[in-house]
Amino acid sequence: MKKKMLELLKKNREDISKTTLNEILNNEEKEIAKAVKETGLQTIEYINREKLENSLKTKYIGNEILIYKEVDSTNSVAEFLAESGSDEGTVVISKLQSQGKGRHGRKWESPSGGIWLSIILKPDMAPSKAPLITLATGVAVAKTLISIGVDARIKWPNDILIHDKKVSGILTEASVKVNTIDYVIVGVGINNNLDIKMLPEELQKKITTLKNELQIKVAETELILKFLNEFEKVYNLFKEEKFEEILDDWRKMSETIGRFVEIKQTHGKSVKGYAVRISNDGSLILKEKDGNLKKVISGECLIKK
Ligand code: BTN
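Computed from a predicted model, the values in this text were never measured in an experiment.

Here we come to the site of the ligand. Neighbouring residues of the ligand: 19 residues in total, closest Ser-73, Gln-97, Lys-101, Arg-103 and Lys-166. Separating a nitrogen atom of the ligand from a side-chain N or O atom of Thr-74 is a distance of 3.0 Å. At a separation of 2.6 Å, an oxygen atom of the ligand approaches a polar side-chain atom of Lys-166. Considered on its own, the ligand offers 420 Å² of accessible surface; in the complex 97% of this is hidden by protein. Comparing atom positions with the cavity grids shows the ligand to sit within the largest pocket.

Here is the structure:
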């Protein structure tokens, strides 16, 4: 059983057919969760687990923390665990990811030195509210980074920038069942101590790291601690449906509102305009050249100088 699960965890999830996964989950749900905890993949090499567990001030985020040396993607592992019945608040961390996933189907470069983590969430909420989880996570990341002394700003919908360079990205993946959210995986990548020169050239000029900005190494354990504490606060607001409080915080740290932007959408379409505000459902309101207001639900945001 353990061997089989390890094989699955090591494999690229694309390789696992839905049928195989379902068969395994139906028959051995509980076993899988138990076996994951026992896997030799767990390591305390770069994170002080004791400190992490003892210093967390959360009630449920991080009650279960799985730390790996290498996985394909922490989102994929978290998805696997969520399917097998793991609880809300379970956190998956990996030192490196071989197939880190970015938005719009892109690869997310994840060498060691970064924070690559995913959280399993099970909010009792309509699927239409899922985009707000992404914004809430952006607020938690930005607050965490500001608390360690960098000028973090949020670019709609969920890039965290320092001086216009990306320091963190968020990938939210939701599983929906009959008009309710079954579970949501929130994946957060923070360029902490990684060496930019290890990344593809075209990326190097677009991103920054905390080490670059602060000229010191930020301890992973401390950073994760701060983030998880911050995350639970803002996620509780989401669960209490205090969306305005989240959006107010988002607006205060926004790099997008008040700027001319171009939103690249799927199928090669793009919309240009002045970013007027963010609406209650998390979409962006643009004022186009002709003065018309346009609501944009998703896309890649480019800020015009
Ligand atoms: C983006 O494109 O901006 C989103 C990047 C999200 C990366 C994180 S790293 C941890 C988690 N696991 C993944 O495979 N992706 C997310």
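In space, the 7 strands of this open sheet follow the order β1-β2-β3-β7-β6-β5-β4, with mixed pairing throughout. Each having just a single partner strand, β1 (65-71) and β4 (152-155) make up the two edges of the open sheet. For this sheet, the mean angle separating the axes of adjacent strands, direction not counted, is 20°. Sheet topology note: the β1/strand β2 (residues 91-97) ladder contains 6 bridges and is parallel. Following the sheet pairing, Val-71 is matched in β2 by Gln-97. Together, β2, β3 (115-121) and β7 (180-190) form the strand contacts of helix α8 (residues 220-239), whose direction differs from that of β3 by roughly 30°.

A separate point is the layout of surface pockets. Empty pockets left among the atoms are what a rolling probe the size of a water molecule brings to light. In this model, the largest pocket occupies a volume close to 1,100 Å³. Lining the largest pocket are 45 residues, and of these Arg-106, Trp-108, Asp-159, Lys-166 and Leu-203 sit closest to its centre. Elements that contribute at least two residues to the lining of the largest pocket include exactly α4 (74-83), β3, β5 (159-162), β6 (165-177), β7, α6 (201-204) and β12 (300-303). Among the elements that make up the lining of the largest pocket, the one with the highest residue count is β6 (5 residues). Counted as a void, the second largest pocket has a volume near 480 Å³. Lining the second largest pocket are 21 residues; nearest its centre among them are Arg-103, Pro-131, Thr-134, Ile-297 and Ser-298.

What follows deals with the pattern of salt bridges. Under the criterion given, the structure shown has 18 salt bridges. A salt bridge links Arg-259 to Glu-255; its shortest N-O distance comes to 2.7 Å. Here Glu-255 falls in the buried class, since its relative accessible area comes to 14%. A salt bridge links Asp-281 to Lys-295, with the shortest nitrogen-to-oxygen separation between them at 3.0 Å. Linking Asp-281 in the loop between β9 (270-278) and β10 (284-287) with Lys-295 in strand β11 (residues 293-296), this pair joins segments that are 14 residues apart in sequence. A relative accessible area of 32% means that Asp-281 is categorised as partly exposed. A single salt-bridge network, built from bridges that share partners, covers Lys-143, Asp-249 and Lys-252.

Here we come to the pairing of β9. Each regular strand displays side chains that alternate between the two surfaces of the sheet. As paired strands, strand β8 (residues 260-264) and β9 are joined by 5 bridges and run antiparallel to one another. If you follow Phe-260 over to β9, its bridge partner there is Tyr-274. With 4 bridges joining them, β9 and β10 adopt antiparallel strand pairing. Across the sheet, Ile-278 pairs through a bridge with Leu-284, a residue of β10. Joining the antiparallel neighbours β9 and β10 is a turn of 5 residues, in which Gly-282 adopts a positive phi near 95°.

Quick look at α4 now. With 8 of 10 residues buried, α4 is to be regarded as a mostly interior element. Listed in full, the buried residues belonging to α4 are Thr-74, Asn-75, Ser-76, Val-77, Ala-78, Phe-80, Leu-81 and Ala-82. You can read the cap of α4 off the contacts: a side-chain oxygen lies 3.1 Å from the backbone nitrogen of Asn-75, and it is on Ser-73. Following α4 by one or two positions, Gly-85 has its phi on the positive side, about 95°.

Conventions used here
- Residues numbered from 1 in each chain as written.
- Predicted model: local features only at pLDDT ≥ 70, side-chain atom pairs only at ≥ 80, totals over all residues.
- Heavy atoms only, no water.
- Near = heavy atom within 4 Å.
- Polar contact = N/O pair within 3.5 Å; in protein donor to acceptor, adjacent residues only side chain to side chain.
- Areas by Shrake-Rupley, 256 points an atom, 1.4 Å probe, with all protein chains shown as cover.
- 1 Å grid on protein atoms, 1.4 Å probe; cavity = no way out; pocket = protein on both sides within 12 Å on 5 of 7 lines; lining within 4 Å.
- Sits in = over half its atoms within 2 Å of the grid points.
- Pairing = 2+ DSSP bridges.
- Helix = DSSP H or I, 4+ residues; strand = E, 2+ residues; numbered from the N terminus.
- Axes fitted to C-alpha atoms, helices over the stretch in contact; angles between N-to-C directions.
- Contact = heavy atoms within 4.5 Å.
- Points joined across faces, edges and corners; volume = space filled by probe spheres on them.
- Salt bridge = Lys/Arg side-chain N within 4 Å of Asp/Glu carboxyl O.
- Buried < 20%, exposed > 50% of the residue type's maximum accessible area, 1.4 Å probe, protein only.

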